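# Working through the structure, step by step
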Amino acid sequence: MKTGVNESGVTAGLYAQLPVPAAATTSRVVVNNPLLRVVSFAMDAGQELTDHQSPRAVVVQVLDGGLTFTVAGRSSDLSAGDVVYLAPGERHAVLARTACRFSLVMVEPGAAG
């Protein structure tokens, strides 16, 4: 959903719209504007997002299931409720240990002032 910075919006029924796929990863952009981007992911066990980086600051929250999150070469096993903060440009990777869902929020550097 393209949402202006000064416009409110609601996305309901996201789990129904984004089921965990068999042997795959899917994502859906929930909010997208110049300030931030929110993306919901669903991954089956064994799926991965290989090492990459974002120019934006990133906050990841695990919603259900379990994943291994690697930041700058250091891995952590995460489960529902766990949160990761990534500074802009930080290299990271994700491996789903079980079927899982997580939310990713990217914030434009300098947006806080």
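Described below are features of the structure shown in this document. For every chain, the first residue of its written sequence is number 1, and the numbers climb from 1 along that sequence. Residues qualify for local features only when their pLDDT is at least 70, as the model is predicted, and side-chain atom pairs are given and counted only at 80 or more; totals for whole chains, interfaces and linings, by contrast, use all residues. The side-chain figures draw on all heavy atoms in the structure; neither hydrogens nor water molecules are used.

## Remarks on the environment of Ala96
Each helix is a run of DSSP H or I of at least 4 residues and each strand a run of E of at least 2, with the numbering of both proceeding from the N terminus. For Ala96, the location among the structural elements is in strand S8 (residues 92-96). Burial classes follow relative accessibility: with a 1.4 Å probe on protein chains only, a residue under 20% of its type's maximum area counts as buried, one over 50% as exposed, and anything between as partly exposed. Ala96 gets classed as buried once you look at its relative accessible area, which sits at 3%. Considering only alpha carbons, one finds Ala96 and Arg56, 40 residues apart in sequence, at a separation of 23 Å. In what follows, residue pairs with any heavy atoms lying within 4.5 Å of each other are defined as contacts. Non-local contacts of Ala96, meaning those with residues more than four positions away in its chain, are made with Met43, Asp44, Ala45, Gly46, Gln47, Gly66 and Leu67.

## Details of the pairing of strand S2 (residues 36-43)
S2 sits mainly inside the fold: six of its eight residues count as buried. Where strand S1 (residues 25-32) meets S2, seven bridges bridge the pair, whose relative direction is antiparallel. Bridge assignment links Asn32 to a residue of S2, and that residue is Arg37. Pairs of strands are assigned from DSSP output, requiring at least two bridges between the strands. Linking S1 to S2, which pair antiparallel, is a turn of three residues. Sheet topology note: the S2/strand S9 (residues 100-107) ladder contains eight bridges and is antiparallel. Of the residues in S9, the one forming a bridge with Arg37 is Met106.

## Some remarks on the sheet that holds strand S7 (residues 83-86)
Sheet strands pair by backbone hydrogen bonding; their relative direction is either parallel or antiparallel. With antiparallel pairing, the five strands of this open sheet are ordered in space as S1-S2-S9-S4-S7. Looking at which strands have only one partner, the edges of the open sheet turn out to be S1 and S7. Ignoring strand direction, the axes of neighbouring strands in this sheet form an average angle of 20°. Between N-to-C directions, angles cover 0 to 180 degrees, with each direction set by a line fitted to C-alpha atoms, over the stretch in contact for helices.

## With respect to the environment of Pro21
Along the chain, Pro21 turns up in the loop between helix H1 (14-17) and S1. On the basis of relative accessible area, Pro21 is assigned to the buried category, the value being 17%. When the C-alpha positions of Pro21 and Met43 are compared, they lie 6.7 Å apart, and in sequence the two are 22 residues distant. Sequence-distant contacts of Pro21, that is, excluding residues within four places in its chain, are made with Thr26, Ala42 and Asp44.

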